[in-house]
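# Examining the three-dimensional arrangement
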Amino acid sequence: MSVDRQVFLKRNVVLDPLFNHWYAWTHLISPATAALNVANHVKIMKSFLANPEVHEDAAKDPQMMGGPFLDCPVDQSDRVAALLERTLVTQAKPLELVEALKGLDALLAKEGQGLSLESLYARVPAPLRGYVELFYDQENRPTFRLFESLLYRSPFYNRGAQALELFESGADGRPFMLSTPRLEDPTRLHVSLTLDSPAIDALVRAKWTATSLGTLRDSLHLTAAQVPLLDALVTDTCESRVSEPYRGEQVRVRYFGHACVLMEAGGVSVITDPIISYDDAGGIDRYSFSDLPETLDYVLITHNHQDHAQIETLLHLRHRVKTVLVPRNDSGSLLDPSLKLTLEHLGFRNVVAVDDLQTLDIPGGSIMALPFLGEHGDLLIRAKTGYIVSMGGRSVLFAADSRNMEPELYAHVHRWVGDVDMMFVGMECEGAPGSWVYGPLMLRPLTRKMDQARRLNGSGFEQAASLVKQFNPRSVWVYAMAQEPWLRHVLGLAYTPESIQIIESDRLVKHCRERELPCERLYGRSEMVL
Ligand SMILES: [Fe+2]
Ligand SMILES: [Fe+2]
């Protein structure tokens, strides 16, 4: 086959980001959180190898979906053992950082008794020396912050563990990403490149732009054995497309699934929390990558959970994104890695961090950041924001997973911003236990009682109805319910009609409709104009 042959990447090719053979999400990018998650991966793999049957059974049980169970057959134990062995060698440096973090925590607990902390700098465990500031919090408890931007420039930033895996999507199902490694599969193309590599943009563009096969092979630095795997993923005819620009008079709003909404007006596009299905994936009706415009002017990220700051989709969009907005979080807290730094290290050039009530003017409108309450296990996580997007004389509020526990907050906000035309509210009112995302980062584990009490809950009926009352929208859309099949591997959720999330959101729909207010729980795809 000639290497000068002009080809296209097939439309259903999945580009999965990996970190040390696990599905990459944002906590696997920032050096300290990546190290702590690697330590957790080691724990899960050891648990699987000790009791593989228990994991295999749990992974098949819908009640256990999303639990800490490694989802692979018992007969692949030797491959898990090989990955574990390799991890202990290749991830020795991050694992050293984990021990140093534990050592620092113990040092502060013992020696931070209210007097000056200056003398403790010399006793900070060696790997962390020069990367931390020690201080007391407002309760006079000793703690520390990381110089995160320096850690990205240290040997602890293990970019070499990043990779891309390419394969054709058959169906939507993939094992749950937080607890299952991606074991080597000879039918999949595993490419060792860093996730900020421009080669990823070229690969994505090749879905609708004719590209030299030789150039593609070279850019991915393939071995001879890998060449046939790439060749099987290309075709001579273009299967993907780019959507025509929207030129309508009104604001067009399209629901792409979960918390992903595309707003277009006056030639400007804004998309929230992108998590998008591949083309030709079968199953329920949906918008997919081919339904996106050529340029995305603004990408808004509401918070740093794996279903909202989703690397797989973000990398697919990177070449067409002009500006990304993220909540401002730069405290250096171990639990709250900077989203701006994360995205910059994923190759995004123009990342703007916004704080509560900060407004960014955009052509023909504005984007305002709003306070986001709760849903983070009662931890001080600042990587969270709501947004009001104003375009074409209309305003749309995106409340994502914010749990409206304190209506007075939004009463204050409403006094400042006034009513909105449309509201999107997340109602995953009973979320996962706090340890689900934050457990690997906690130097002192939560008790089971604490863990269950501090769940990552979005708004229930009362909280959502209160938001509706406050902002007086002309339509209400329940979104971010994690029901679409193409994100099951990211959240591991499946509801039944008896699930509290469905019952509470049904109540909101009924409540609004009784007041002649259009309201619907979104699923799959939807289009509205306003
Ligand atoms: Fe969330
Ligand atoms: Fe969510």
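These remarks concern the structure in this document. (Residues numbered from 1 in each chain as written. Chains lettered and ligands numbered in written order. Predicted model: local features only at pLDDT ≥ 70, side-chain atom pairs only at ≥ 80, totals over all residues. Heavy atoms only, no water.)

### Here we look at the coordination of the iron ion (ligand 1)
- Around the iron ion (ligand 1), the protein contributes the donor atoms His303 (NE2), His305 (ND1), Glu375 (OE), Glu375 (OE) and Asp401 (OD), which lie 2.2 to 2.6 Å from the metal centre.
- Each donor residue of the iron ion (ligand 1) lies on one chain, and together they are spaced H-x1-H-x69-E-x25-D. (Donors = N, O, S within 2.8 Å, 3.2 Å for Na, K, Ca; no water.)

### Digging into helix α4 (residues 92-111)
- With 20 residues, α4 extends 28 Å between its outermost C-alpha atoms, agreeing within 8% with the 28 Å of an ideal straight helix rising 1.5 Å per residue.
- Buried residues of α4: Pro94, Leu95, Leu97, Val98, Ala100, Leu101, Leu104, Asp105, Leu107 and Leu108, and no others.
- In the core, the buried residues of α4 are packed alongside α1 (31-50), α3 (77-90), β4 (132-136) and β5 (142-146). (Helix = DSSP H or I, 4+ residues; strand = E, 2+ residues; numbered from the N terminus. Expected span 1.5 Å × (residues − 1). Buried < 20%, exposed > 50% of the residue type's maximum accessible area, 1.4 Å probe, protein only. Contact = heavy atoms within 4.5 Å.)

### A few points about the environment of Gln138
- Within the fold, Gln138 resides in the loop between β4 and β5.
- On a C-alpha basis, the gap between Gln138 and Met405 in space is 23 Å, while along the polypeptide they are 267 residues apart.

### A closer look at the environment of Glu312
- Topologically, Glu312 is positioned in helix α9 (residues 311-317).
- Taking relative accessible area as the criterion, Glu312 reaches 4% and is therefore assigned buried.
- C-alpha separation for the pair Glu312 and Ser243, spaced 69 residues apart in sequence, amounts to 20 Å.
- When residues no more than four places from it in sequence are discounted, the contact partners of Glu312 are Val14, Leu15, Asp16, Pro17, Tyr23, Arg174, Tyr278 and His489.

### Let's talk about the packing of helix α14 (residues 461-471) against helix α16 (residues 500-514)
- With their axes 9 Å apart at the nearest point, α14 and α16 run at an angle of 30° to one another. α16 is crossed by α14, and the crossing has right-handed handedness. Only Glu504, Arg507, Leu508, His511 and Cys512 of α16 make contact with α14, whose side of the interface consists of Phe461, Glu462, Ala464, Ala465 and Val468.
- Its residues assigned to classes, the contact of α14 with α16 comprises 6 nonpolar, 1 polar and 3 charged. (Axes fitted to C-alpha atoms, helices over the stretch in contact; angles between N-to-C directions. Left-handed = near helix turned anticlockwise from the far one by under 90°. Nonpolar A, V, L, I, M, F, W, Y, C, P; charged D, E, K, R; others polar.)

### Description of the pairing of strand β20 (residues 422-426)
- Most of β20 sits out of view: 5 of its 5 residues are buried.
- Alternating residues of β20 divide into Met422, Phe424 and Gly426 and Met423 and Val425, and every residue in both groups is buried.
- Relative to β20, strand β19 (residues 394-398) runs parallel, the two sharing 3 bridges. The residue of β20 that forms the bridge with Val396 is Met422.
- Crossover β19 to β20 through helix α11 (residues 407-417) is right-handed.
- The sheet contact formed by β20 and strand β21 (residues 475-479) spans 5 bridges and is parallel. Across the sheet, residue Met422 finds its bridge partner in β21, namely Ser475. (Pairing = 2+ DSSP bridges. Right-handed = clockwise from strand over helix to strand, strands pointing away.)

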